[in-house]
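Geometric and topological summary
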Amino acid sequence: MKFLVPTDFSENSAKTIEYAASLAQKVNARVQLMHAWTSVPTTTELEAISIGLGIEYLAENSEEALKSAIKDFTPRYEVFEKPISVQGFPALAIENISKKEKPDLVIMGSRGLGAMGSAVLGSISKQVFSQGVRPLLVVPKEAIPGQFDTIVFATDFHDSDAEHLAFLANLIEPFGGMIHVVHFHDSEESDFVDDSYFERYKEDMKKKIRYARVSFHFEQCDDLNDAMHEYVTEHNVSLVAMANVSRSFWQSIVDPSFTRKWLRDMPTPLMVFGAKDKAWEDF
């Protein structure tokens, strides 16, 4: 298993690297740092350009900063592969590197990322989750490394749920974490999605997932955002995972404003998968 961790060398990026390294060491995974430079220069890079040091300096500065970032976490974490320094726009660079390196998970910080953060989080469904790009885990600065006691998988009954749940189970099994599979539904949806429907889904998932610590919850609500926050707070959730979908009640899940609001208001890491089917009506 391999994690790709984009960084801009900010304080929050350092916390994200530690979060990723801690997880990788526990699950026997590798961590590959990457930095995209020049498309949105840092203050230091702008100063370098202004005195004529040019592209060569930016490339060398990026490579040295990556080496330094790794050095800060070794030998405590012996999980790092050779880092990647690339010229280009951050969101596009992450997409391209993800396709090339095929990491199992992309892990990013949610704050302190400057242009990189806004580029990715502001277009999460269009740029990062295009075809071939891996799941994304966005880590708030308050997140505690190695804490995976309770995980929420917010489902919309997609065919790819079993695959995503299996991924989560493999990730948290060394921690003995509990996965709550939750479907939040409004009153209109209740007309055609009832308890018996959910029970069929539940039994189907149990047959496909080889992980005992999974529970299923069918929750009615008026506002998805409020319901998610209440559930996370009440159950002291360590991680929220969901599929990248855009339809009716779940439209807000991939709306960039929802993602930014979630990460602004909650100190809970958010993992987003790309759903591999179009709808759950055929379940």
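What you see is a predicted model; the values in this text were computed from it and never measured. (Residues numbered from 1 in each chain as written. Predicted model: local features only at pLDDT ≥ 70, side-chain atom pairs only at ≥ 80, totals over all residues. Heavy atoms only, no water.)

1. Structural notes on the pattern of salt bridges
As enumerated under the stated definition, the model contains 6 salt bridges in all. Two residues, Glu-81 and Lys-2, come together in a salt bridge whose shortest N-O distance is 3.7 Å. Here the residue Glu-81 occupies a position in the loop between helix 3 (54-71) and strand 3 (84-88), and Lys-2 occupies one in strand 1 (residues 2-6), the gap between them amounting to 79 residues. A salt bridge links Glu-95 to Lys-99; the shortest N-O distance between them is 3.3 Å. Here Glu-95 and its partner Lys-99 are both found in helix 4 (residues 90-101), 4 residues apart, which amounts to about one turn of the helix. Note on Lys-99: relative accessible area 36%, which makes it partly exposed. Each of Lys-2, Glu-81 and Glu-101 takes part in a single network of salt bridges with overlapping partners. (Salt bridge = Lys/Arg side-chain N within 4 Å of Asp/Glu carboxyl O. Helix = DSSP H or I, 4+ residues; strand = E, 2+ residues; numbered from the N terminus. Buried < 20%, exposed > 50% of the residue type's maximum accessible area, 1.4 Å probe, protein only.)

2. Regarding unusual backbone geometry
For the bond running from Thr-74 to Pro-75, omega is 5°, close enough to zero to count as cis. Its location among the elements puts Pro-75 in the loop between helix 3 and strand 3. Despite not being glycine, Phe-157 has its phi angle at roughly 60°, a positive value. Secondary-structure assignment places Phe-157 in the loop between strand 6 (150-154) and helix 7 (161-172). Judged by its relative accessible area of 1%, Phe-157 falls in the buried class.

3. Observations regarding the nonpolar core
One finds Phe-3, Leu-33, Phe-80, Phe-153, Leu-168, Ile-179 and Met-271 to be the most contacted residues of the largest nonpolar core, which totals 50 residues. Sequence-distant contacts of Ile-179, defined by excluding residues within four places in its chain, comprise Ile-151, Phe-153, Leu-165, Leu-168, Ala-169, Ile-172, Tyr-211, Arg-213, Val-214 and Ser-215. Judged by nonpolar contacts, the second largest core, of 15 residues, contains Val-152, Cys-221, Ala-227 and Leu-270. (Core = buried A, V, L, I, M, F, W, Y, C linked by side-chain atoms within 4.5 Å. Contact = heavy atoms within 4.5 Å.)

4. Concerning the packing of helix 7 against helix 8 (residues 195-208)
Viewed as axis vectors pointing N to C, helix 7 and helix 8 meet at an angle of 50°, and their least axial separation amounts to 10 Å. In terms of axis orientation, helix 7 runs oblique to helix 8. Remark: the crossing between helix 7 and helix 8 carries right-handed chirality. Note on element contacts: helix 8 touches helix 7 through Tyr-201, Met-205 and Lys-208, opposite Asp-161, Ala-162 and Leu-165. Taken together, the residues that form the contact of helix 7 with helix 8 break down as 4 nonpolar, no polar and 2 charged. (Axes fitted to C-alpha atoms, helices over the stretch in contact; angles between N-to-C directions. Parallel < 35°, antiparallel > 145°, perpendicular 65-115°, else oblique. Left-handed = near helix turned anticlockwise from the far one by under 90°. Nonpolar A, V, L, I, M, F, W, Y, C, P; charged D, E, K, R; others polar.)

5. Things to note about the environment of Phe-3
Along the chain, Phe-3 turns up in strand 1. Given the relative accessible area of 0%, Phe-3 is considered buried. Taking the C-alpha atoms as reference points, Phe-3 and Glu-81, 78 residues apart in sequence, are found 9.8 Å from one another. Those residues in contact with Phe-3, other than ones at most four positions away along the chain, are Ala-20, Leu-23, Ala-24, Val-27, Ala-29, Arg-30, Val-31, Gln-32, Pro-103, Leu-105, Ile-107 and Leu-171.

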